[in-house]
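# Structural features, examined
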Amino acid sequence: MKILYATSEAVPFCKTGGLADVAGSLPAALAAQGVETAVVLPLYRRVREQFGPELEYLCYDYVDLAWRRSYCGLFRLIRDGVTYYFLDNEQYFNRPALYGYMDDGERFGFFSRAVVRMLHHMAFWPDVIHCNDWQTALIPIYLKDDGVREERFRSIRTVMTIHNIEYQGRYGTEVVGDLFGLDHGWVDDGTIMMDGDVNLMKAAVLCADAVTAVSPSYAEELKYAFFAHGLESVMRRCAYKLSGVLNGIDMKRYDPAADQLIAANYSAADLSGKAKDKAELQRMMGLREEPDTPIIAVVSRLVSHKGLDLIREVFHDIMELPVQMVVLGQGDQQYQEFFTWAQSQYPGRMAARIDYSEALSMAIYSGADLFLMPSKSEPCGLSQMIAMRYGTVPIVREVGGLKDTVHPYEAWRDAGNGFTFAAYNSGDMLFVIRQAVGLYRDYQEQFRRLQQRCMAGDFSWGRSAGEYVRIYCGITGQPAPQFQREEPAAAPAQPEEPPAQPEKGPEQPKLTGKPEQAKLAGKPEQPKLTGKPEQAKLAGKPEQAKLAGKPEQAKLTGKPKQAKLTGKPERAKLTAKPDQPKLTETAGQPAQSGEPEKKPRAKKTAARKPAGKKSAAAKPAAKKGSAAEKKTAADKAKE
Ligand code: GLC
């Protein structure tokens, strides 16, 4: 089974949020389940700058979208058994940031179109394209659109994963033909329309074969107006194909016993390293070095759905407790100002860093005692899982993925792995903060066992990847790939019974040398990708001739199927392109200057305004029709 995971960000290449973490770890976990997995993402400037030498140039082609015909380069990089394809167009992606431009709709329209139109160059014809959030929401729509005319697209199934329904890709109707190159029928029959706007997320939910939310609770919540940002009726209508699959975290990357970013390593059996990390954190943040004062941590984007107004409401009540507090994050001005002010009110007890820092966040996860996450809504949330992995006990609201990963502490039977409250109410939050602080100070042994239960949780991708595989099987009708798990099933996040001997409880062995991780390392995925019969079929396309100089291509060109394929009208059209001869140069890079379509597009782009109320396009465009067009990533890589 072949899965192409389409995403607008993925660790370690580019990241603005949790999507990147998921896209950076789920594909490898799928590969470990025996699924052939490739990822496709835009070739942003920062990717080229950091990974340029590792990128392998494959070929280029032109992507037709509405009246534009745009260059698209294809690059490849192989990592941890997963093939990463990068789609290059400097006008769209050679920019300092990933998002926030007035032409974001056009940029990701191009990306989605290019994913579909560049498929035959990838030597990887997928059974399923797994799309993520609004940036790739046009892919299921384009596949349906193209599928009407070209049979080869009809067999591809799609999964749409909703990481956050707040961002839907909303635009005015004029974009349908002019920007996305879609027939007006998509508007007329209402598929792409929602409350008078074009709404890409809504159309993708309708068109995809399966829709997933990033936690089971979020999948349920999406049927209600409070969470669905206007799409609740669509989600209810599509409930038959909607499921929730809990995200995992990269258990190897986030391992307190091996993490290189923290001051001292530790395990659940021996938490002494955590005490050192706490002292280090207090030094770093200018807090009093008090080993017995619990540190409450917040590591979060400082935005309203994270529930920060609850913290603001009862901040002084929290600080009346014998606690210290650290906050790391950036975001809305109001919260940045509040936490900066809060720090000035409690010197030595409260420290805020308005920043995004991987190193500091790890120092906080390892050095803090309690992790506060009172989100108003939380599709999944990864930081509570990371905190638990580092023995930092979460205090969360029972919502979305927080509800699915944190189970309330029950003193009477010594169970649970955190503190939770249900209503979005600062008094309720304060109540459980007091409980947590009380347990920390007065019942140290119980608190230590609570920490150990947190650390014993299985937050690996193993189980969730299996659920995705079941979904892929369901929509393709294919059997699950054969693979051997080394362990029958993932352990529950919270043991039913308290561990009799926490110091050497049964959880400990799980913390090191996870079976999933072992499987991930060194899996020979790639050889599988090149030698398959499907690829041989694809290789016969005229486009492959462009690649003729490359070793892989040479292997593929001799196959008998090719003759059959070259006769197709579509292909014939492609071979007739005037640009094709240029492509036969083995290492030749296309000269983008002189592309007839570039100039008109640049003008048009400049004139366009975002029409959507909730479009991510918040800021003015950086530049348009820029010099960026003139030079490709390939050119630079060549230098
Ligand atoms: C989004 C959600 C977050 C989730 C992440 C990864 O950022 O807000 O809850 O964990 O996506 O799916």
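Structure first, text after, so check above.
These notes cover the structure that comes with them. Note that this is a predicted model, so its numbers are computed, not measured. (Residues numbered from 1 in each chain as written. Predicted model: local features only at pLDDT ≥ 70, side-chain atom pairs only at ≥ 80, totals over all residues. Heavy atoms only, no water.)

## Examining the sheet that holds strand 17 (residues 393-397)
Each strand in a sheet pairs with its neighbour through backbone hydrogen bonds, running either in the same direction (parallel) or in the opposite one (antiparallel). Read across the sheet, six strands follow the order 15-14-13-16-17-18 without closing on themselves; strand pairing throughout is parallel. Two strands in the sheet have a free side with no partner beyond their single neighbour: strand 15 (350-354) and strand 18 (419-421). Neighbour to neighbour, the strand axes of the sheet diverge by 15 degrees on average, direction disregarded. Pairing of strand 14 (residues 324-329) with strand 15, which is carried by five bridges, proceeds in the parallel orientation. By the bridge assignment for strand 15, Leu328 is matched with Arg353. Helix-sheet contacts for helix 15 (residues 333-345) involve strand 14 and strand 15, and the interaxial angle to strand 15 is about 145 degrees. Lying on the sheet, helix 16 (residues 358-367) is in contact with strand 13 (295-299), strand 14, strand 15 and strand 16 (370-373); it crosses strand 13 at an angle near 145 degrees. (Pairing = 2+ DSSP bridges. Helix = DSSP H or I, 4+ residues; strand = E, 2+ residues; numbered from the N terminus. Axes fitted to C-alpha atoms, helices over the stretch in contact; angles between N-to-C directions. Contact = heavy atoms within 4.5 Å.)

## Some remarks on helix 15
The end-to-end C-alpha separation of helix 15 is 18 Å, in line with the 18 Å expected for 13 residues at 1.5 Å each. Along helix 15, the residues classified as buried are Tyr335, Gln336, Phe338, Phe339 and Ala342. The buried residues of helix 15 occupy an angular sector of 165 degrees when projected down its axis, which confines them to one face. Where helix 15 is buried, its residues contact helix 13 (308-313), helix 14 (315-320), strand 14 and strand 15. (Expected span 1.5 Å × (residues − 1). Buried < 20%, exposed > 50% of the residue type's maximum accessible area, 1.4 Å probe, protein only. Arc of directions from axis to C-beta.)

## Overview of the pairing of strand 3 (residues 56-65)
In terms of residue burial, strand 3 counts as a mostly covered element, since eight of its ten residues are buried. Bridge analysis of strand 3 against strand 4 (residues 68-79) gives nine bridges, and the strand direction is antiparallel. Its bridge partner being in strand 4, Tyr60 is matched across the sheet by Gly73. Where strand 3 folds back on strand 4, the antiparallel hairpin that results is connected by two residues, among which Ala66 adopts a positive phi of roughly 50 degrees.

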